[in-house]
Amino acid sequence: RDYVPVAAVEVTASIGEVTNAGSTAVNLYYSDDRGHTFIDAGTIDVTVGNYDTRLDWRSLGHLKAPGRLFKLVDEGALVRIDGMDLHADGS
């Protein structure tokens, strides 16, 4: 099994277009045991009208094959999620 560094996870989404102004938190969780337990990677708050916020979680350790599960949780902070990218080299 190979280990790959997880320098960052970046989510592309509808930043600034909040559907619930009372709930602006976006949380990322990850699991290394096929979803039996999840580790909280942190929370990023988005602001209505601020289109420059980046949804980046950095330095998430190493993952081993077959991989790691990621769970993204928000309750109205995002209208849509366009994608999630894993950066192994820090770029």
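The shown structure was predicted, so the numbers you read here are calculated from the model rather than taken from an experiment.

Scanning all chains against the criterion turns up zero aromatic pairs. Across the ring face of tyrosine 29, the terminal group of lysine 71 is positioned such that the distance to the ring centre comes to 5.5 Å. One Lys or Arg, lysine 71, reaches over the ring of phenylalanine 38 and ends 4.3 Å from the middle of that ring.

Here tyrosine 3 shows up in strand 1 (residues 3-5). If near-sequence neighbours (up to four positions away) are discounted, tyrosine 3 is found in contact with His62, Leu63 and Lys64.

Here we come to the nonpolar core. Grouped together as the largest cluster of nonpolar side chains are 17 residues, with contacts concentrated most on Val26, Val46, Leu55, Trp57 and Leu60. Listed by contribution, the elements that provide at least two residues to this core are strand 2 (8-13), strand 3 (25-31) and strand 5 (55-58). Sequence-distant contacts of valine 46, that is, excluding residues within four places in its chain, are made with Ile15, Val18, Thr24, Val26, Thr53, Leu55 and Ala77.

Moving on, we come to the pattern of salt bridges. Here the structure, examined in full by the defined rule, presents five salt bridges. A salt bridge links aspartate 82 to arginine 80; the shortest N-O distance between them is 2.9 Å. Residue aspartate 82 is classed as partly exposed on the basis of its relative accessible area, which comes to 46%. Taken together, the shared-partner salt bridges connect Glu10, Arg54, Asp56 and Arg58 into one network.

With antiparallel pairing, the three strands of this open sheet are ordered in space as 4-3-7. For this open sheet the edge positions go to strand 4 (39-45) and strand 7 (69-74), each flanked by a neighbour on one side alone. Mean inter-strand twist for the sheet, computed between neighbouring axes without regard to direction, equals 20 degrees. Bridging between strand 3 and strand 7 involves six bridges; their strand directions are antiparallel. Following the sheet pairing, serine 31 is matched in strand 7 by leucine 69.

Reading guide: rules and limits
- Along every chain, residues carry numbers that run from 1 in the direction the sequence is written.
- Given that the model is predicted, a residue must reach a pLDDT of at least 70 before its local features are reported, and side-chain atom pairs must reach 80 or more before they are shown or counted; all residues, however, enter totals for whole chains, interfaces and linings.
- Only hydrogens and water are removed before side-chain values are computed, so all heavy atoms of the structure are retained for them.
- Under the pairing criterion, centres of Phe, Tyr and Trp rings, with the six-membered ring standing for Trp, must be within 6.5 Å; the plane angle then separates stacked pairs below 30 degrees from edge-to-face pairs above 60, leaving the rest tilted.
- Criterion for a charge above a ring: Arg CZ or Lys NZ at most 6 Å from the ring centre, at most 35 degrees from the ring normal.
- Each helix corresponds to a stretch of at least 4 residues labelled H or I by DSSP, and each strand to a stretch of at least 2 residues labelled E; elements are numbered beginning at the N terminus.
- Two residues qualify as a contact provided that any one of their heavy atoms is within 4.5 Å of a heavy atom in the partner residue.
- Within this scheme, the nonpolar core is defined by two criteria: the residues are buried Ala, Val, Leu, Ile, Met, Phe, Trp, Tyr or Cys, and they are joined through side-chain atoms within 4.5 Å.
- Accessibility here uses a 1.4 Å probe with only protein chains present; expressed as a share of the type maximum, an area under 20% marks a residue as buried, one over 50% as exposed, and anything in between as partly exposed.
- For this document, the term salt bridge refers to a Lys or Arg side-chain nitrogen within 4 Å of an Asp or Glu carboxyl oxygen.
- Two strands pair if DSSP finds at least two bridges between them.
- For every element, the axis is a line fit to its C-alpha atoms; helices are fit only across the contacting stretch, and the angle between N-to-C directions ranges from 0 to 180 degrees.

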